[in-house]
Amino acid sequence: MEALKFLRPGRRAPFTGVTWPPPGRWLTAAAPPELCRSGIHALLPDVLATWAAEELWRVELDGGRELAPGIVVAPRGRLLGRVEAWNDQAAREFARACVAHVRAPSGGRAAEYAADAAAAAGKVVAGDSAARVGYMAAQAAEAAAPGGFAAERRWQSGWLADRVGLLTG
Amino acid sequence: MNELELLGALRRGDERAFTTLVDLHGAGMLRLARAYVRDRDVAEEVVQEAWIGVLRGIDRFEGRSSLRTWLFRIVANLARTRAVREARSVPLSALAAADVEEEGPSVPPERFRGPEDRWAGHWAIPPEPWGRPEQALLSAETRARVAAAIDALPGMQRRVITLRDVEGWSAKEVCNVLELSETNQRVLLHRARTKVRHALDEYLTGSQDQD
Amino acid sequence: MGVPELTCKELVEVITDYLEDRMPAERRLLFEEHVAFCDWCQTYLEQVRATVRLTGALSEDDLGPEARAGLLRVFRDWKGR
């Protein structure tokens, strides 16, 4: 199955520090798939925002199963190609979009979170720093209404997927 | 030679088997002894006593644990006894400071935003990146700092980090030798690593936390 | 906050549980969701890992020649018993 993966610069996996082989070569996990413990992990478009990092890749998983909402795990996987549309510029636009979406003219705690997100958005330089803005904006949504965080994350992921051309064709 | 063969050869009085074992484990045994008694000369005496104990007990070793675990348990037991004996001549106040396993958070609470803050629990003073390539980190000076930081740890934390991270043993083996539960071993390892990271951080970033 | 999450303060306390793989999957997920956006905790995690690597690179306390000779004497005494 096809899925997506965010990596640090140089194809480095964010949690294990493992460097992925170049596209086409399979990476096999040392142990059977277990959520966040072992196996090759990848993302479905609806959770993209939570995991934003510098590089976005299309991946192919051999035998992937969804072990948590939006997270698929397989015994092996390989990179297919870089989603070039996810770059520093897109990250800055993402950050601005997240902020605009939770702007709260009415004040209160939600407005404070939104203002923090806006301040952070001004400092975004790459995919990695955009991630914090997304988080802060989602907290603003939660402050405005319980359950807002999850809904905001879904909206952010949708925006991101659309912006980098994942939702077309 | 594998462990079983080494054991057999040693029982037959094979000197090469003995020196092989010494080369394999001697440095680690000394490090463990020093994690109890600190003084290098005393630690060397402990290790020598341990080898005597090993040779005397070699026929009785049943192989229920690995040879290595058995060797190091002998060292730990002797070192513990020796440490108590040495401590009797040390002023009580120094003892108390050295070995109290303290409670409380690993990182000073002031480093995080307080409970009234809307970002409660987030870093208030975030860690500064060390910004150094791995090669530079492995310099002799930095390693000396790490060694000093380990040396300054309270006893049990020092022993756990020595066996786990310096010697590279598994959690299970360390629990066996030091007679710790898995949870206790992890707590001690956590505190030790946190302190060593902190010492490294102060050295590499030139910062000082208010204590 | 109503959102299930790990704060930075909680994270530094459980970081060894994470590295030792002694955390249930749901908590690992929360841990990683936090690290995903929090560059500060990423830095902290990398520093703990670097500390462990550095600690593993220590290799002093090798046996000196006199100590080794002393052990050989011990062995020969025992053998001749």
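Residues numbered from 1 in each chain as written. Chains lettered and ligands numbered in written order. Predicted model: local features only at pLDDT ≥ 70, side-chain atom pairs only at ≥ 80, totals over all residues.

**Quick look at the overall build of chain B**
Along its length, chain B carries ten helices and zero strands. Going residue by residue from the N terminus, the α and β elements of chain B occur as α-α-α-α-α-α-α-α-α-α. Judged by the C-alpha coordinates and their principal axes, chain B covers about 70 × 45 × 30 Å. In chain B, which comprises 211 residues, the proportion classed as buried is 33%. Relative to all contacts within chain B whose residues are 6 or more apart in sequence, the contacts with residues 24 or more apart total 63%. (Helix = DSSP H or I, 4+ residues; strand = E, 2+ residues; numbered from the N terminus. Buried ≥ 20, exposed ≤ 12 C-beta atoms within 10 Å, placed from the backbone. Contact = placed C-beta atoms within 7 Å.)

**Here we look at the environment of B:Val177**
Residues and elements named next belong to chain B. Mapped onto the elements, Val177 comes out in helix H9 (residues 171-178). By C-beta crowding, Val177 is classed as buried, having 23 other C-beta atoms within 10 Å. Note: C-alpha distance between Val177 and Thr162 (15 residues apart in sequence) is 12 Å. Among residues more than four places away in sequence, those in contact with Val177 are Thr69, Phe72, Arg73, Ala76 and Leu163.

**Focus on the interface of chain B and chain C**
How large an interface is tends to be reported as the accessible area lost when its parts come together. With 45 residues of chain B at the contact, the number on the chain C side is 35 residues. Elements with a minimum of two residues in the side of chain B that touches chain C: helix H2 (15-37), helix H3 (40-57), helix H7 (140-151), helix H8 (155-166) and helix H10 (182-205) of chain B. Of the residues contributing to the side of chain B that touches chain C, the split by class is 26 nonpolar, nine polar and ten charged. (Nonpolar A, V, L, I, M, F, W, Y, C, P; charged D, E, K, R; others polar.)

**Considering the packing of H8(B) against H10(B)**
Residue and element names in this part refer to chain B. Across the interface, H8 lies against H10 with an axial gap of 8 Å and an inter-helix angle of 90 degrees. Classed by the angle they form, the pair H8 and H10 counts as roughly perpendicular. From H8, Met156, Gln157, Arg158, Val160, Ile161 and Arg164 reach across to H10, where they touch Gln185, Leu188, Leu189, Arg191, Ala192, Arg193 and Val196. Residue composition of the contact of H8 with H10, by class: seven nonpolar, two polar and four charged. (Axes fitted to C-alpha atoms, helices over the stretch in contact; angles between N-to-C directions. Parallel < 35°, antiparallel > 145°, perpendicular 65-115°, else oblique.)

**Brief notes about H9(B)**
Residues and elements named next belong to chain B. Turning to H9, its buried residues are Val174, Val177 and Leu178. When H9 is viewed along its axis, its buried side chains cluster within an angular range of 85 degrees and face the same direction. Where the residues of H9 are buried, they touch helix H4 (67-87), H8 and H10. One or two residues past the end of H9 sits Glu179, with phi positive at roughly 55 degrees. (Arc of directions from axis to C-beta.)

**A short note on the domain arrangement of chain B**
Residue and element names in this part refer to chain B. Taken domain by domain, chain B comprises domain 1 (3-87) and domain 2 (100-205). Each of domain 1 and domain 2 was reduced to a C-alpha centroid, and the two centroids are 28 Å apart. Counting from both sides, the interface comprises ten residues of domain 1 and, opposite them, ten residues of domain 2. Mapped by element, the contributors of at least two residues to the side of domain 1 that touches domain 2 are H2 and H4. Of the residues forming the side of domain 1 that touches domain 2, the biggest block, five residues, is contributed by H2. Of the residues assigned to the side of domain 1 that touches domain 2, the class counts are five nonpolar, three polar and two charged. (Domains from an automatic or database assignment.)

**Thoughts on the confidence of the model for chain C**
The predicted model of chain C has a mean per-residue pLDDT of 88, with 91% of residues at 70 or higher. Scored as a whole, the predicted complex attains pTM 0.86, and scored at its interfaces, ipTM 0.94. (pLDDT = per-residue confidence, 0-100.)

**Overview of the packing of helix H1 (residues 3-11) of chain B against H2(B)**
Residue and element names in this part refer to chain B. It is the contact of H1 with H2, at a shortest axis distance of 7 Å, that shows an interaxial angle of 130 degrees. In this view, H1 runs oblique relative to H2, as classed from their interaxial angle. As for how H1 packs across H2, the hand of that crossing is left-handed. Of H2, the residues touching H1 (which contributes Leu6, Ala9 and Leu10) are Ala17, Phe18, Thr20 and Leu21. Among the residues forming the contact of H1 with H2, the class breakdown is six nonpolar, one polar and no charged. (Left-handed = near helix turned anticlockwise from the far one by under 90°.)

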